[in-house]
Structures are given as structure tokens and as C-alpha cells.
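So you can see what is in the structure, the chains are spelled out below.
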Amino acid sequence: MKVEIYTGIAEKNRPIDVHQDMLSLFLDHYNTNFPGCIINVYNNSASEKSLKILKDSGCNVLSFSNYDKYVNEDKYTKMKSEAWKSSNADWIIVCDIDELIQINQEELSKLDGVDVVQFKGYHMIDKDSTKDLRQIKHGYPDKLYNKVCLFRQNIDYIKFNQGCHVAAVPKKCNISKLKYNLYHYNVSTFNEENFIEYILKVYLNLNDLKKIRSKYKTSKEANVKLAKAIYKEHCNTAVKLI
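Since the model is a prediction, treat every value here as computed from it, not as a measurement. (Residues numbered from 1 in each chain as written. Predicted model: local features only at pLDDT ≥ 70, side-chain atom pairs only at ≥ 80, totals over all residues. Heavy atoms only, no water.)

1. Observations concerning the packing of helix 5 (residues 192-201) against helix 7 (residues 220-237)
Put simply, the rule reads: Only C-alpha atoms enter the line fits that serve as axes; for helices the fit covers just the stretch in contact. Angles between N-to-C directions range over 0 to 180 degrees. The helix count covers DSSP runs of H or I at least four residues long, the strand count covers runs of E at least two residues long, and both are numbered beginning at the N terminus. For this classification, under 35 degrees means roughly parallel, over 145 means roughly antiparallel, 65 to 115 means roughly perpendicular, and everything else is oblique. In this scheme the crossing of two helices becomes right-handed for a clockwise turn of the near helix relative to the far one and left-handed for an anticlockwise turn of less than a right angle. Contacts between residues were defined by any pair of non-hydrogen atoms, one from each residue, lying within 4.5 Å.
Interaxial distance between helix 5 and helix 7 falls to 9 Å at its minimum, and their mutual angle equals 130°. Classified by the interaxial angle, the pair formed by helix 5 and helix 7 is oblique. Once helix 5 is placed against helix 7, the crossing between them reads as right-handed. Where helix 5 abuts helix 7, its residues Glu192, Phe195, Ile196, Ile199 and Leu200 lie against Lys220, Asn223, Val224, Ala227, Lys228, Ile230, Tyr231 and His234.

Here it is, written out as C-alpha cells:
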């Protein structure tokens, strides 16, 4: 059984959302769980260090220029929706560098009659303050990350929305829903400090939210207070996964 993976990497001028050790964890995870898999990485501004890691791991590194997160997301969406069509693999995985699906090749081989797998999403959170990516054991659920990341190559099509959190597939496809987990290792959710920084520098600086801030005249202090309250709720809903 052949498995082929499609993802993208961009490291310059990025929000604080990809951990420096995430690439190695991503490659270890997928190479271990799907031995012999093919990993295709669409590169936009990866560092020399990351490029070396990718090439040393045997990944196919493909150019992905003129992509700017939050600006022309349609380009990334199109890649995920179409890049796999020429593959001769049995199963396709389409995901981001910070997303690890919790299924392996042995389990995959038993999915008779299943065409598409939708995962139950969790944001990983460092409740134990380990500061070690591989030791983070808790996650809080987020329905937005109940994503389709795995499907048979012979389905007619898959159409992702912007952000790739929703996918349209043919009605005839049999879907496995939320049986398996997806762990999202976004550095902004690991601890309170990162979460506050992310809220202030990213979400509250997007154009739509700038208008909201202007309308309601929200202060930085109020935003920090809100971020702390949200983060506390994340901790309260987190469950031990590993």
C-alpha cells in the first residue's frame, strides 16, 4: 500500500505559529507511521536549515513562490485540492507542517469501504510546562480542526475551502468521521505568553479586526485580559491525549 503526502512550508515573515522543532517532528511522525511514504513539500521561503532537513529525509521539494499567508490563500487551497491528482499512491494525506494525524499504515489497511477520513482536531497545549514539543501531552478540542486530511487517490475530486478546514467530496464517498484524532502543534497555543502575543500581533491586526478595534475602541489591556480568559478556558477543556 502506497501513501503520498502533500504539505507546504513558509518560514520568512511568518506569524508565530510554527515551532522551530516542528519539521523534524512532522517527518519523524509520518515516516514512522507510514514507512516508505512519499512526502512532497511545496516550498515558499524555507530556511537553508529546513531545506537540508527536507532533502536529507528524501522529501520532494517543489517551488511554491508568490504565496503569502492570509493574502492569497486561494493558491495554497488550489495546491491541496489538485496536486495529488497525478499520484499513483493508494492513499493521499494533505495537511500542514504542524498537523499530525493519529493513524498508522496498519490501521489504514483495515479501512475497507472507507474513501475519506475526517479527523477530530485538538490544539496541543503545554499544560505541564515542559517546553519540549515531543513531551506535550494535552490538547483542547476545536471543531474548526475536524478536518479531512486523508483520502483514497481514486476519488473523483476533493475541494477545500479557504484555510482547508472544510472539504467537499463526491456524495458516493464513504466517510469515516471523527474516529481518529488530529494533533495541531501551533506554537501560539502552547502557553499563555505565546497565546497573548498571537492574539495581539496576528488576529487583532487583520484588516477586519482592525475595523472592530476601531469601532469598539478596544485597548491593548482589554485584549490581553480577553486573551488570558480565553487561554484559561482552553486549559480547562484540555484533555490528556498522549
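2. Quick notes on the packing of aromatic side chains
Applied cut-off: Only Phe, Tyr and Trp rings take part, Trp by its six-membered ring, and two of them pair if their centres are within 6.5 Å. Stacked means planes under 30 degrees apart, edge-to-face means over 60, and tilted covers everything else. By definition here, charges over rings are those cases where NZ of Lys or CZ of Arg is within 6 Å of the ring centre and within 35 degrees of the ring normal.
Enumeration according to the criterion identifies 6 aromatic pairs in this entry. Considering the side-chain rings of phenylalanine 195 and tyrosine 231, the 5.8 Å spacing of their centres and the 45° angle between planes classify their relative orientation as tilted. You can see phenylalanine 195 sitting in helix 5 and its partner tyrosine 231 sitting in helix 7, a full 36 residues away along the chain. Taken together through their ring pairs, the aromatic side chains of Phe26, Tyr30 and Phe34 make up a single cluster. One cation-aromatic arrangement involves lysine 75 over phenylalanine 64; the distance from NZ or CZ to the ring centre is 5.3 Å. Stacked on the ring of tyrosine 157, the Lys or Arg lysine 159 has its end atom at 5.2 Å from the ring centre.

3. Here's the deal with the pattern of salt bridges
Under the convention used in this document: A pair is scored as a salt bridge if a Lys or Arg side-chain nitrogen falls within 4 Å of a carboxyl oxygen belonging to Asp or Glu. Relative accessible area decides the class of each residue, using a 1.4 Å probe on protein chains only: under 20% of the type maximum gives buried, over 50% gives exposed, and in between gives partly exposed.
Going through the model one piece at a time under the given rule, you end up with 7 salt bridges. In this structure, the salt-bridge partner of glutamate 99 is lysine 147, at a minimum N-O distance of 2.6 Å. Here glutamate 99, found in strand 5 (residues 99-101), pairs with lysine 147, found in the loop between strand 7 (138-141) and strand 8 (148-152); they are 48 residues apart in sequence, far enough to count as distant. The buried category is assigned to glutamate 99, whose relative accessible area is 0%. Salt-bridge contacts for arginine 152 lead to aspartate 115; the nearest nitrogen and oxygen are separated by 4.0 Å. Placement of arginine 152 in strand 8 and of aspartate 115 in the loop between helix 4 (105-108) and strand 6 (116-125) is noted, with a sequence separation of 37 residues between them.

Purely spatial values, then, with no claim about function.
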